[in-house]
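Chain residues, written in single-letter form:
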Amino acid sequence: QLVESGGGLVQAGGSLRLSCTASGGTFSRYVMGWFRQAPGKEREFVAAITGSGVTTYYADSVKGRFTISRDNAKNTVYLQMNSLKPEDTAVYYCAAGRTFKSYNYWGQGTQVTVSS
């Protein structure tokens, strides 16, 4: 089970940190990813991190502004979002999988709204 938290309303240029805590399974064995879906749009990849936390990947649209990290002792993955833009407004989901291209488990999502 994956549970996200940390979403909310923020002004453009502000910051938010999302958290996703996992229960069940061996957390460190999973690639963790963040995705988002804006109204009327398809879900898109945001960032991902390997089980060890050594390797990360980012969508071009968030590179340099967002940082993904994880704390395996706390079974938690984070998404630090800085310099937020109105176009970052979406429901953000965390996901767990064995590879970067295949995610088996999804959270319920947390709303992020960036006002201009």
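This is a predicted model, so every value here is computed, not measured.

Enquirer: Mind laying out the side chain of arginine 65, listing which residues take part and the relevant values?
Expert: Tracing the backbone shows arginine 65 in the loop between strand E6 (56-58) and strand E7 (66-71). Using a relative accessible area of 11% as the deciding quantity, one classes arginine 65 as buried. In terms of polar contacts, arginine 65 uses its side chain to reach the backbone carbonyl oxygen of serine 61, at 2.9 Å. Those residues in contact with arginine 65 that lie beyond four places of it in its chain are Gln80, Met81, Asn82, Ser83, Leu84, Lys85 and Asp88.

Enquirer: Residues and numbers for the pattern of salt bridges, please.
Expert: Oppositely charged side chains can pair when the atoms bearing their charge come close. Scanning the model with the defined rule gives 4 salt bridges in all. When the shortest N-O distance is used, the salt bridge between arginine 36 and glutamate 44 registers 2.6 Å. Arginine 36 sits in the buried class, given a relative accessible area of 5%. You can call glutamate 44 partly exposed: its relative accessible area is 36%. Note that lysine 63 is salt-bridged to aspartate 60, the shortest N-O span being 3.1 Å. Owing to a relative accessible area of 49%, lysine 63 belongs among the partly exposed residues under this scheme. For aspartate 60, a relative accessible area of 67% puts it in the exposed group. By sharing partners, the salt bridges in this structure join Arg36, Glu44, Arg65 and Asp88 into a single network.

Cut-offs used in this document
Residues numbered from 1 in each chain as written. Predicted model: local features only at pLDDT ≥ 70, side-chain atom pairs only at ≥ 80, totals over all residues. Heavy atoms only, no water. Helix = DSSP H or I, 4+ residues; strand = E, 2+ residues; numbered from the N terminus. Buried < 20%, exposed > 50% of the residue type's maximum accessible area, 1.4 Å probe, protein only. Polar contact = N/O pair within 3.5 Å; in protein donor to acceptor, adjacent residues only side chain to side chain. Contact = heavy atoms within 4.5 Å. Salt bridge = Lys/Arg side-chain N within 4 Å of Asp/Glu carboxyl O.

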